[in-house]
Structures are given as C-alpha cells and as structure tokens.
Amino acid sequence: MLLMEEKILTEGQVLPGGILKVGSFLNQQIDTAFLRAIGQEIARLYGESGVTKVLTIEASGIAIAAAAAMELGVPMLFAKKHKTSNVDGTVYSTIVHSFTHGTDYTVVVSRDYLRADDTVLLVDDFLANGAALRGLVELCRQAGAAVAGAAIAIEKAFQGGGDALRAAGVRVESLAVIERMDGDRITFRR
Ligand code: 5GP
C-alpha cells in the first residue's frame, strides 16, 4: 500500500532499538481518512476468504481491526492483556512476550466470542518478532477456529516474525514491509 509507505516516510520517527513511532497517524492520533483506506485495503485482500471475525490484541490493534471489520461486515474481537494468568475456564489464554516493553503478558479472550465455527482474520498495527501474532494464532487453535490469515499495517521484516509465520503456512499480508531501518533511512521491501 503506497499510501502507508508515504505516511511512514513523511511522519514516522525511527527510535533507538529498532522502534518506529507512528503516533501522529496510527498509534495515538489517528488519521481517520487513512484508517478508512486501511480498512478498505484489508477488505480487498481478505474479502473472498470467508472471514467471520476479526481478532486483534488491545490496545494499538483495535482501531485498524475495527476499520477492517466494518468493511468486511463482521464483528471485531480484541484479546485483553492481563499481567498475570487468571484462567477460570471461561477464557482462552496464552502468554505473549512484548517486544516494545520487554516483558511477558497474558492475553485472554472469552470462549463466548471465539468459536470453532469462526474463520478468523488476525489484525495488528506492527509485526516484529511475531510473538503477538503467534499468540493470536494460539487463541484460535484453542478455540478450534480457522485462521484465514493476518493483515498487518507495518511489518518490520528485519525482525523475521512475518517470514517465519509465512514459512509455517500462515497467510501474512502487510500493508508496508520495512526491510531496513538505518538511522533515519527506511528501506521498503517491494
Ligand atoms: P511482535 O510481537 O511481532 O514482536 O511485536 C508486535 C507488537 O509490538 C505490536 O502489537 C506492536 O504493538 C508492538 N511493536 C513492535 N514493533 C513496534 C514498533 O516499531 N513501533 C510500535 N509503535 N510498536 C511496535
């Protein structure tokens, strides 16, 4: 998605540690016209995949997932983050390692909302090492739900998570794929 690459180049800020800050249009302030375009692009990619639900992790994936779900005409569901495991039999849960915070957290989703007859599209803002996405795949596995694939706003390919998931057979579509970030210089995979 050329527009995503242009936004990253004009408004993104490269921070130390391989972090890209996109607070001006995606992560804190949201460019709503751009968000609608993201939803439409994801729906174009997955419109024929029989998706019944869009799943993300709170908080930064929610806006994009909602935009995609609205275009696909299906519910959006977000896994909640808990500091400790509080499994009481009513939720599916798994542990995710946070790349940006360097800590582990538990993600849970109610058994009422993720079901064996669902075909799930996984959505997130960033794909780095792939821990968040693997966590969502695991929640679907526990529910017996099918995974149609993943739609990611920005993939940082140099961290390898996306290609590892593709090699494992998961369809991963990223609207912009960053091959390298050297200082302020950003190179995209085309
Ligand atoms: P992963 O689990 O693939 O290593 O990292 C993905 C998660 O970490 C995303 O949900 C996202 O919130 C966060 N993340 C990873 N890299 C970046 C980044 O460069 N910038 C921002 N803003 N978030 C990131």
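Residues numbered from 1 in each chain as written. Predicted model: local features only at pLDDT ≥ 70, side-chain atom pairs only at ≥ 80, totals over all residues. Heavy atoms only, no water.

A. The packing of aromatic side chains, seen in detail. All chains considered together, the criterion is met by one aromatic pair. Ring centres of Phe25 and Phe34 lie 5.6 Å apart, and the angle between their planes is 65°; this geometry places the pair in the edge-to-face category. Each member of the pair, Phe25 as well as Phe34, is classed as buried. Sitting above the plane of the Phe34 ring, Lys7 keeps its charged end 5.5 Å from the centroid. Positioned above the aromatic ring of Tyr105, the side-chain terminus of Lys81 is 4.9 Å from the ring centre. (Phe/Tyr/Trp six-rings, centres within 6.5 Å; stacked < 30°, edge-to-face > 60°. Buried < 20%, exposed > 50% of the residue type's maximum accessible area, 1.4 Å probe, protein only. Lys NZ or Arg CZ within 6 Å of the ring centre and 35° of its normal.)

B. Structural detail: the nonpolar core. Within the largest apolar cluster, 35 residues are counted, with the highest numbers of intra-cluster contacts made by Met4, Ile8, Leu20, Ile42, Val54, Leu121 and Ile154. With seven residues, helix 3 (residues 32-46) is the largest single contributor of residues to this core. Here Val54 is in contact with Ala65, Ala69, Leu72, Val74, Pro75, Met76, Leu77, Leu121 and Val123, once residues within four sequence places are set aside. Tyr92, Leu122, Leu127 and Ile152 belong to the second-largest nonpolar core, a separate cluster that totals 25 residues. (Core = buried A, V, L, I, M, F, W, Y, C linked by side-chain atoms within 4.5 Å. Helix = DSSP H or I, 4+ residues; strand = E, 2+ residues; numbered from the N terminus. Contact = heavy atoms within 4.5 Å.)

C. Structural detail: the site of the ligand. The environment of the ligand is formed by 17 residues, the closest being Leu20, Asp124, Asn129, Gly130 and Lys156. One of the backbone nitrogen or oxygen atoms of Asn129 is found 2.8 Å away from an oxygen atom of the ligand. Mapped by element, the contributors of at least two residues to the shell around the ligand are strand 2 (19-21), strand 7 (119-127) and helix 5 (131-143). The greatest single-element share of the shell around the ligand, amounting to four residues, is contributed by strand 7. In terms of residue class, the shell around the ligand is built from eight nonpolar, six polar and three charged. (Near = heavy atom within 4 Å. Polar contact = N/O pair within 3.5 Å; in protein donor to acceptor, adjacent residues only side chain to side chain. Nonpolar A, V, L, I, M, F, W, Y, C, P; charged D, E, K, R; others polar.)

D. Highlighting the environment of Leu77. Mapped onto the elements, Leu77 comes out in strand 4 (residues 76-82). Separated by 45 residues in the primary sequence, Leu77 and Leu122 place their C-alpha atoms 9.7 Å from one another. Here Leu77 is in contact with Lys53, Val54, Leu55, Thr56, Val109, Tyr113 and Leu114, once residues within four sequence places are set aside.

E. Spatial organisation of the packing of helix 3 against helix 4 (residues 62-72). Where helix 3 contacts helix 4, the two axes come as close as 8 Å, and the packing angle between them is 55°. Looking at the two axes, helix 3 sits oblique to helix 4. Viewed along their axes, helix 3 and helix 4 form a crossing whose handedness is right-handed. Between helix 3, through Leu35, Arg36, Ile38, Gly39, Gln40, Ile42, Ala43 and Tyr46, and helix 4, the contact on the second element is made entirely by Ala63, Ile64, Ala67, Ala68, Glu71 and Leu72. When its residues are assigned to classes, the contact of helix 3 with helix 4 shows ten nonpolar, two polar and two charged. (Axes fitted to C-alpha atoms, helices over the stretch in contact; angles between N-to-C directions. Parallel < 35°, antiparallel > 145°, perpendicular 65-115°, else oblique. Left-handed = near helix turned anticlockwise from the far one by under 90°.)

F. Representation of the pairing of strand 7 in the model. Here strand 7 lies mainly inside the structure; nine of its nine residues are buried. Across three bridges, strand 3 (residues 53-57) lies against strand 7 in parallel orientation. Opposite Leu55, over in strand 7, you have Leu122 as the bridge partner. Two elements, strand 7 and strand 8 (residues 146-156), share eight bridges in a ladder whose sense is parallel. By the bridge assignment for strand 8, Leu121 is matched with Gly149. Taking the sense of rotation as the criterion, the β-α-β connection linking strand 7, helix 5 and strand 8 turns out right-handed. (Pairing = 2+ DSSP bridges. Right-handed = clockwise from strand over helix to strand, strands pointing away.)

G. Fine view of the environment of Leu3. Secondary-structure assignment places Leu3 in helix 1 (residues 2-11). When the C-alpha atoms of Leu3 and Val74 are compared, they prove to be 25 Å apart, with 71 residues separating the residues in sequence.

H. Seen up close, the pairing of strand 3. Counting buried residues in strand 3 gives five out of five residues, a clear majority hidden from the surface. What you see with strand 3 is no split at all: Lys53, Leu55 and Ile57 on one side and Val54 and Thr56 on the other are buried throughout. Sheet topology note: the strand 3/strand 4 ladder contains four bridges and is parallel. Looking at strand 4, one finds that Ile57 is bridged to Ala79. Assessed by its sense of winding, the connection that carries the chain from strand 3 through helix 4 to strand 4 is right-handed.

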